[in-house]
Amino acid sequence: MMKLLKYDWKRNANSVLGLMTILLIIEILVTTIGVMEGWEHWVILSTTMLTYGIVSTVLFIIVCRTFDQNIKQYNRRLLPVSPIWSIISSLIQAWISVIVLMSLVMLHLWILWNLEYVMVDMSKFLSSESVLAALVSGWKFTFVIIVVFFSITVARVVGKQSGLWIGILLFFVIQNAVAWVEYKTFSSGNTWTGHIYSINIGSSGTTGVDNHVFDIPIGPLLFEILLVAGFTYTMVYLINRKIEV
């Protein structure tokens, strides 16, 4: 698997490094110019969030494109490894992208906090509630990525003509179906969905970040674990038997 990760990194290194360089330049310019010129707090924060959002979207597209190329390339299919390792490799790539991006976000928040542009109780980020929120976010991210990979695999099986649209439709159908089943089956005391963090911009210009406390419901969690296992098994089968290279 490490060789697969190394191969994927070499293929995407220039794009990822270039994107992260552009991100750093933009954020440094926005923060420096905004503080020196006395921009409103919400202007700096909104521009920062928009930039991180665009970069995260591009990184997500890179991960999806990598997975799509891995399951259809002839030379990749010749490797003596199970398709599950290609799935795990792309999933780890997605996780690395998120961890790096979130580290930059936290560093940027810390800088804005020192400049008193964001009023944050830093102890909240070290609390058990924040650890729980991180675990929930991590699992939901993993679940969404697996659903995306499954949709891409099905799209490849269907073919080039209508595969793209079927894959997109399948992703939204699965997401809404899972949400509906969880609501109908585990609605009692289910706090699985909801805001983890909220950003409040006050009239005085101060900006605060608050986290919300909730529990992880066991029912929906086990249900989604079973779905991930089923999706993964199906992807391995389709890659081995149905996808033409």
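Keep in mind it's a predicted model, so treat the numbers as computed, not measured.

(A) Quick look at the nonpolar core. Judged by nonpolar contacts, the single largest core of 26 residues is most densely connected at Phe67, Ile87, Ile146, Phe149 and Met235. Elements with a minimum of two residues in this core: helix H2 (41-72), helix H4 (83-114), helix H5 (128-158), helix H6 (163-186) and helix H7 (218-241). Among the elements that take part in this core, H5 stands out by supplying ten residues, more than any other. Apart from residues lying up to four places away in sequence, Phe67 is in contact with Ser86, Ile87, Ser90, Phe149, Ile152, Thr153 and Met235. Counting twelve residues, the second-largest nonpolar core is a separate cluster that includes Leu19, Leu59, Ile62 and Val105.

(B) Quick look at the pattern of salt bridges. Applying the stated criterion across every chain, the model contains two salt bridges. The salt bridge involving Asp68 is made with Arg156; its shortest N-O contact spans 2.7 Å. Taken together, the residues Asp68 in helix H2 and Arg156 in helix H5 connect sequence positions 88 residues apart. Since its relative accessible area comes to 15%, Asp68 is described here as buried.

(C) Representation of a nonpolar patch on the surface. A cluster of nonpolar side chains, Val35, Leu107, Trp110, Ile111, Trp113 and Leu115, forms an exposed patch at the surface whose accessible area comes to about 500 Å². Broken down by element, the residue count for the nonpolar patch peaks at four residues, all from H4. Position of Leu115 relative to the elements: it lies in the loop between H4 and H5.

(D) Up close: the packing of H6 against H7. Running from N to C, H6 and H7 cross one another at 145°; their axes reach a closest spacing of 10 Å. When the axes of H6 and H7 are compared, the crossing they make is right-handed. Mapping the contact onto sequence places Ile174, Val178, Val181, Glu182 and Phe186 in H6 and Gly219, Pro220, Phe223, Glu224, Leu227 and Phe231 in H7. Residue classes in the contact of H6 with H7 are distributed as eight nonpolar, one polar and two charged.

What counts and what doesn't
Residues numbered from 1 in each chain as written. Predicted model: local features only at pLDDT ≥ 70, side-chain atom pairs only at ≥ 80, totals over all residues. Heavy atoms only, no water. Core = buried A, V, L, I, M, F, W, Y, C linked by side-chain atoms within 4.5 Å. Buried < 20%, exposed > 50% of the residue type's maximum accessible area, 1.4 Å probe, protein only. Helix = DSSP H or I, 4+ residues; strand = E, 2+ residues; numbered from the N terminus. Contact = heavy atoms within 4.5 Å. Salt bridge = Lys/Arg side-chain N within 4 Å of Asp/Glu carboxyl O. Patch = residues over 30% accessible without salt bridge, like charges linked within 9 Å, V, L, I, M, F, W, Y side chains within 5 Å. Areas by Shrake-Rupley, 256 points an atom, 1.4 Å probe, with all protein chains shown as cover. Axes fitted to C-alpha atoms, helices over the stretch in contact; angles between N-to-C directions. Left-handed = near helix turned anticlockwise from the far one by under 90°. Nonpolar A, V, L, I, M, F, W, Y, C, P; charged D, E, K, R; others polar.

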